[in-house]
Amino acid sequence: MLDPELLERITARRAELDELEEQLAKQLAEVRAERDELAVAERVLDRVSEQLAAERASAAPAPGQVCGRAVMLIPHRTPDVEETMLPPDYQRILAAVRQAAGPVMARQVGEVLGVDVTVRARLEPLRGRQVRLVDRGWLRKLPDGRFTTRL
């Protein structure tokens with residue numbers, strides 16, 4: 001005949017193992033569910049990243065047409081538009097205004113950029129670009145005609 005004490009220990013151990021198996025099965029199900037959620041989150045993140053990249057690419061300044069001539073569109077300054085989205089000429093103008101010790105006249109910016117400021121026909125397009133940067137929120141024009149950066 002079997003030892004009743006041994007039989008009791010076997011039954012108790014089987015109950016412990018059954019409980020442990022149930023806990024592990026529950027944990028495994030939770031791990032699998034979380035893994036599935038992570039896979040979904042990863043796909044969503046990929047889609048959102050692709051959409052943001054497409055939006056940034058479409059927000060970049062693109063040449064437009066005015067009277068049959070190609071012109072570069074200057075974006076308005078907003079938190080999501082970076083200075084690098086401006087055409088290189090406009091980036092150089094902003095850099096020249098920033099380098100100055102204070103507000104500057106268009107003539108001073110032209111000198112920094114190497115524009116022949118003695119020729120009005122060379123200076124006025126530069127002033128026009130600066131005014132365009134003012135209109136789009138990149139620069140500020142003071143009442144005396146000098147330009148400064150926005151804070």
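Given the structure is predicted, the values throughout are model-derived calculations rather than measurements.

1. Things to note about the confidence of the model for the chain
Overall, the predicted model of the chain reaches an average pLDDT of 87, with 89% of residues at or above 70. Confidence, read as mean pLDDT per element, is least for strand β1 (residues 63-66) in the chain (62) and greatest for strand β3 (residues 139-141) (93).

2. Describing helix α2 (residues 88-99)
Between its terminal C-alpha atoms α2 stretches 16 Å, which fits the 16 Å expected from twelve residues at 1.5 Å a residue. The set of residues buried in α2 consists of Tyr90, Ile93, Leu94, Ala96 and Val97. One face of α2 carries all of its buried residues, which in axial projection span an arc of 160°. Across α2 from its buried face, at more than 90 degrees, point the exposed residues Pro88 and Gln99. Close packing links the buried residues of α2 with α3 (106-113), α4 (120-135), β3 and β4 (147-149).

3. What about the pattern of salt bridges?
Should their charged atoms come close, side chains of opposite charge can pair. Within this structure, the stated rule accounts for six salt bridges. The closest approach of N and O atoms between arginine 92 and aspartate 89, which form a salt bridge, is 2.2 Å. One end of the pair, arginine 92, and the other, aspartate 89, are both in helix α2, three residues apart, so they sit about a helical turn from each other. Using a relative accessible area of 35% as the deciding quantity, one classes aspartate 89 as partly exposed. The shortest N-O distance in the salt bridge between aspartate 144 and arginine 146 comes to 2.6 Å. In this structure aspartate 144 comes out as partly exposed when scored by relative accessible area, which is 45%. Shared partners join several salt bridges into a network, and the residues in it are Arg120, Glu124 and Arg127.

Cut-offs used in this document
Residues numbered from 1 in each chain as written. Predicted model: local features only at pLDDT ≥ 70, side-chain atom pairs only at ≥ 80, totals over all residues. Heavy atoms only, no water. pLDDT = per-residue confidence, 0-100. Helix = DSSP H or I, 4+ residues; strand = E, 2+ residues; numbered from the N terminus. Expected span 1.5 Å × (residues − 1). Buried < 20%, exposed > 50% of the residue type's maximum accessible area, 1.4 Å probe, protein only. Arc of directions from axis to C-beta. Contact = heavy atoms within 4.5 Å. Salt bridge = Lys/Arg side-chain N within 4 Å of Asp/Glu carboxyl O.

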